[in-house]
Amino acid sequence: MEQPSTKPAAPQTTSRNDALFERAKKLIPGGVNSPVRAFKAVGGTPRFIQRAQGAYFWDADGKRYIDYIGSWGPMILGHGHPAVVEAVQKAALEGFSYGAPTEREVELAEEIVRLVPSLEMVRLVSSGTEAAMSAIRLARGATGRSKIIKFEGCYHGHADALLVKAGSGLATFGNPTSAGVPPEVVQHTLVLEYNHIAQLEEAFALHGKDIACLMIEPIAGNMNFVRASVPFMKRCRELCTQHGALLVFDEVMTGFRVALGGAQSVYARSIPGFKPDMTVMGKVIGGGMPLAAFGGTRAVMEQLAPLGPVYQAGTLSGNPVATACGLATLREIAKPGFYEALGERTRSLVTGLTQAAQKAGVPFCGDSEGGMFGFFLLGQLPQNYATVMTTDSPAFNRFFHAMLDSGVYYAPALYEAGFVSSAHTAADIDATVDAAAKFFSAA
Ligand code: KE4
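In what follows, the accompanying structure is described. As the structure is a prediction and not an experimental result, all values here were calculated from the model.

It is worth spelling out the site of the ligand at this point. Near the ligand you find 16 residues, and of these S34, T129, N222, D250 and E416 are the closest. In this structure, an oxygen atom belonging to the ligand sits 2.6 Å away from a side-chain N or O atom of S34. At 2.9 Å, a backbone N or O of G128 approaches an oxygen atom of the ligand. A total of 550 Å² of accessible area belongs to the ligand in isolation, and the protein chains cover 85% of it. Looking at the shell around the ligand residue by residue, the classes come out as five nonpolar, seven polar and four charged.

Under the criterion given, the structure shown has 15 salt bridges. For E369, the salt bridge is made with R269, and the minimal N-O distance between the two is 3.7 Å. A residue pair is termed long-range when its members are at least 10 positions apart, and E369 in strand β15 (residues 365–369) and R269 in helix α7 (residues 262–270) qualify at 100 residues. Classification of E369 as buried rests on a relative accessible area of 15%. Between R298 and E302 there is a salt bridge, and its shortest N-O distance comes to 3.6 Å. With a relative accessible area of 40%, R298 lands in the partly exposed category. Via salt bridges that share partners, E201, K234, R235 and E238 belong to a single interconnected network.

Another aspect to go through is the sheet that holds strand β8 (residues 189–192). With respect to topology, seven strands assemble into an open sheet ordered β4-β14-β13-β12-β9-β5-β8, the strand pairing being mixed. The strands lining the two open edges of the sheet, one partner per strand, are β4 (121–125) and β8. When strand polarity is set aside, the average angle formed by the axes of neighbouring strands in this sheet is 20°. Here four bridges tie strand β13 (residues 278–281) to strand β14 (residues 292–296), and the two strands are oriented antiparallel to one another.

Glancing now at unusual backbone geometry. The general pattern is negative phi for most residues beyond glycine and trans for most peptide bonds. P306 follows A305 through a cis peptide bond whose omega is 5°. Its location among the elements puts P306 in the loop between α8 (298–301) and α9 (320–333). Residue S71 is not a glycine yet carries a positive backbone phi of 60°. Judged by relative accessible area, which is 39%, S71 ranks as partly exposed.

General note: in soluble globular proteins, nonpolar side chains tend to be found buried as a group. Counting residues in hydrophobic clusters, the biggest one holds 109 residues, and the most contacted among them are I112, F151, L214, F256 and Y410. No other element matches helix α10 (residues 338–359), which puts eight residues into this core. Both domains that furnish three or more residues to this core are identified here as domain 1 (39–79 + 336–442) and domain 2 (82–333). If sequence neighbours within four positions are ignored, I112 has contacts with L119, V122, L124, F256, M281, I285 and L330. Listed in part, the 23 residues of the second largest apolar core include V125, A132, I136 and V248.

Parameters and conventions
- Residues numbered from 1 in each chain as written.
- Predicted model: local features only at pLDDT ≥ 70, side-chain atom pairs only at ≥ 80, totals over all residues.
- Heavy atoms only, no water.
- Near = heavy atom within 4 Å.
- Polar contact = N/O pair within 3.5 Å; in protein donor to acceptor, adjacent residues only side chain to side chain.
- Areas by Shrake-Rupley, 256 points an atom, 1.4 Å probe, with all protein chains shown as cover.
- Nonpolar A, V, L, I, M, F, W, Y, C, P; charged D, E, K, R; others polar.
- Salt bridge = Lys/Arg side-chain N within 4 Å of Asp/Glu carboxyl O.
- Helix = DSSP H or I, 4+ residues; strand = E, 2+ residues; numbered from the N terminus.
- Buried < 20%, exposed > 50% of the residue type's maximum accessible area, 1.4 Å probe, protein only.
- Pairing = 2+ DSSP bridges.
- Axes fitted to C-alpha atoms, helices over the stretch in contact; angles between N-to-C directions.
- Core = buried A, V, L, I, M, F, W, Y, C linked by side-chain atoms within 4.5 Å.
- Domains from an automatic or database assignment.
- Contact = heavy atoms within 4.5 Å.

If you want it as structure tokens, here you go:
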């Protein structure tokens, strides 16, 4: 019998992506199970991915892409890392889910606490949204306060209290950003401008005694890539301490992505002894499987059921297959030299793109930390959401599609960050920069 071909199918003349998208739209709202995948911001047909390996994935037409999404962060080792695949296969043969405690959940909790010094305890959940939502409830329960602070441009998942945009000034609280969220649900959420110290101080002066927590993306990957300035972050820490509010780091994207100890370890280099009170994690800790976590000091975490009065639960929390995937991933990234090599590779991408743009006279700037990067078709790095959104989005969309046609898959939205894995080679970076240089020179 003829052996089936192992070569990827040759790209077909009619796009299977189009056909699949039409089919999907009949049964799944927008044809996708998460809005950003629909390419609405950039236009065109989303690519339906058939398989992935290392730094690459292949779409339904058999076209290969260098993948700079990495499932929006989780795939820090690239796709199909042998040690991770083996761990998942072994776990799957032992059973998918028990609804009972397992040793591997303890091992994963021990590894997370070992690697993130601010954590004394963690609770495992299944998504970043669930982790952030639970952290808010816990902060409110632990402090007995209702108000929370978030920042414009930061995304913490789709829990109602966090789907909110700035109200009119500091005296008023947020307005919903989504239908279906009643105004009263966000009335306790104050939305401030990222990196705006004076506004932060005024908010605490007005509401300090009522604030349960301040939740922040320490490097905002949902504004593409915007760092909190050290002075700003220092004031967040000081004001939370002064007013008895909890500083909650949303490290769903940055955790184990920008450094082994997360973004908090990056800030601790500039702010001696810096620690948040709680940390929300996801993405990398699941290695691509549905797993997230939130953690903090023992005093706060022991307010959680079944010990304390703050309820939180989940059928698949700490799932045996997901914890095997996460644990195998953490063990690989904890190896000596992993982040030095990854950081260097990521920096080489941003440097190459910047040089190519500058050579062509195209406004371009970028930044990176560990395996996370961002770039802007702007002359200088933005410090807040309003500036990010001054980007010429038609120009970004042309860039996105030119790169996509060249087999380079960036995030399909100008406010999203990008990710490099340990599977990306120098040749992949060179090919990416070459494709960008062609676009810039013709722009
Ligand atoms: P999930 O519920 O999507 O697992 O995590 C929500 C979340 C929380 N906090 C931060 C900082 C996040 O970036 C996210 C989710 N990130 C988006 C990308 N910007 C996931 C992609 C998507 O929504 O499809």
